[in-house]
Amino acid sequence: MATSSKPAAAVDPEVALAHKFPEVSFDYDERDVALYALGVGVCGDDAIDDKELHFVYHRDGQPHIKVLPTFVSLFPNKNSNGLGIVDVPGLNFDASLLLHGQQYIEIYRPIPSYASVVNKVKVAGLHDKGKATILEIETTTSLKESGEILCMNRSTIYLRGAGGFSDSSRPYTYATYPANQVHRISIPNSAPSAVYDDQTKQSQALLYRLSGDYNPLHSDPDIAQVAGFTRPILHGLCTLGFAARAVIKSFCNGEPAAVKSIFGRFLLHVYPGETLSTEMWLDGQKVHYQTKVKERNRAVLSGYVLLQHIPSSL
């Protein structure tokens, strides 16, 4: 019998899409919420910032601290190996070539400062791009006791070197979400409505990793150098937290419940200690943003934040 010398495809879509992820239950409390807030720069320049102190302290008798909406971006980590990698049968790839490309978050109700919750995970998208495969993992988180859905994360992962598993004339593509949820970023040519500068700390990545993302790329100088960086880089989701904070502070008077959804596309790495300058444009209920590293004048993140309503103060 003749045998083919062609190597097995790196991706078997039938196996990947048929996989049933186990539900994962976990608890979090106010310490986790406050630690995350500090990890994304809350009160970093002013320990008594009147728009941010309520994220880490029970100010003015408030019974609970408030929760940044990007805190929920930590929830998918509970289904990973602690390095941000989810095991999906049917996908064979080099983990060192994995890139976190985008993050989309929907918030369905105010996030409590402590809760018992359950993650349900599925493959929401799988796309053959020739030299890479795009994998989209959707994590829906519900309150354990009531079953009420709290939020949804959709993480877009680029698996470099794992593409080419389908006919190039009709590349494989699969998505469970509607076409109007394909995110297109349009940065206006006009002057921004607001600009917010925030210098990260040299220890920012070391602090942020305590919230559950232990990828050594963000802490180990040897691994960072092997990956092509001069030193450990900041987590992309940490940069997203900084950008969302800028929007909440600039357009929501520090009120996190004003946020309905968040989208971010990761463009370039950030080194701890660099200054993040977030330019923002208000367009109806949507705030478009672009975050640059001020020292290098390079865009590192772009996206939008959709608000529940147009702030009355604007």
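Please refer to the structure placed before this passage.
For the structure given in this document, a descriptive report is provided here. (Residues numbered from 1 in each chain as written. Predicted model: local features only at pLDDT ≥ 70, side-chain atom pairs only at ≥ 80, totals over all residues. Heavy atoms only, no water.)

Counting secondary structure elements, the protein contains 5 helices and 11 strands. For the protein, whose C-alpha radius of gyration is 20 Å, the value lies close to the compact-globule estimate of 20 Å for 314 residues. Dimensions of the protein, computed from the C-alpha atoms along their principal axes, are close to 80 × 50 × 40 Å. Buried residues in the protein amount to 50% of all 314 residues. Long-range pairs, those at least 24 residues apart, make up 73% of the contacts in the protein between residues at least 6 apart in sequence. Accessible surface for the protein amounts to roughly 15,300 Å². Of this, 51% is attributable to carbon and sulfur atoms. Taking the average location of the 29 positive side-chain charges in the protein and that of its 32 negative ones, the two points are 5 Å from each other. (Helix = DSSP H or I, 4+ residues; strand = E, 2+ residues; numbered from the N terminus. Rg over C-alpha atoms; globule rule 2.2 N^0.38 Å. Buried < 20%, exposed > 50% of the residue type's maximum accessible area, 1.4 Å probe, protein only. Contact = heavy atoms within 4.5 Å. Areas by Shrake-Rupley, 256 points an atom, 1.4 Å probe, with all protein chains shown as cover. Lys, Arg positive; Asp, Glu negative; His and termini not counted. Charge placed at Lys NZ, Arg CZ, Asp CG, Glu CD.)

Moving on: the nonpolar core. Tyr28 and Met280 are the most contacted members of the largest nonpolar core, which totals 56 residues. For this core, the leading source of residues is helix 5 (residues 236-251), giving 10 residues. Residue contacts for Met280: discarding those within four places in its chain leaves Pro192, Ser193, Ala194, Val195, Tyr196, Ala246, Val247, Ser250, Phe251, Val287, His288 and Tyr289. One finds Ala16, Val86, Leu91 and Leu126 within the second-largest nonpolar core, a separate group that totals 16 residues. (Core = buried A, V, L, I, M, F, W, Y, C linked by side-chain atoms within 4.5 Å.)

For helix 5, which comprises 16 residues, the first-to-last C-alpha distance of 23 Å matches the rise-based estimate of 22 Å (1.5 Å per residue) to within 8%. Following helix 5 by one or two positions, Asn253 has its phi on the positive side, about 55°. (Expected span 1.5 Å × (residues − 1).)

Now for the pairing of strand 3 (residues 115-128). Burial of strand 3 is extensive: 11 of the 14 residues sit out of reach of the surface. Alignment of strand 1 (residues 24-28) against strand 3, held across 5 bridges, turns out to be antiparallel. Note that in strand 3 the partner of Ser25 across the bridge is Val118. Bridge analysis of strand 3 against strand 4 (residues 132-143) gives 11 bridges, and the strand direction is antiparallel. Looking across to strand 4, one finds that Lys120 is bridged to Thr140. Linkage of strand 3 to strand 4, two consecutive antiparallel strands, is achieved through a turn of 3 residues, within which Gly130 is found at a positive phi near 85°. Relative to strand 6 (residues 173-175), strand 3 runs antiparallel, the two being bridged by 3 bridges. Looking across to strand 6, one finds that His127 is bridged to Thr173. (Pairing = 2+ DSSP bridges.)

This next bit is on the environment of Ala224. As for its placement among the helices and strands, Ala224 is situated in helix 4 (residues 221-226). Spatially, the C-alpha atoms of Ala224 and Gln308 are 39 Å apart, while their sequence positions differ by 84 residues.

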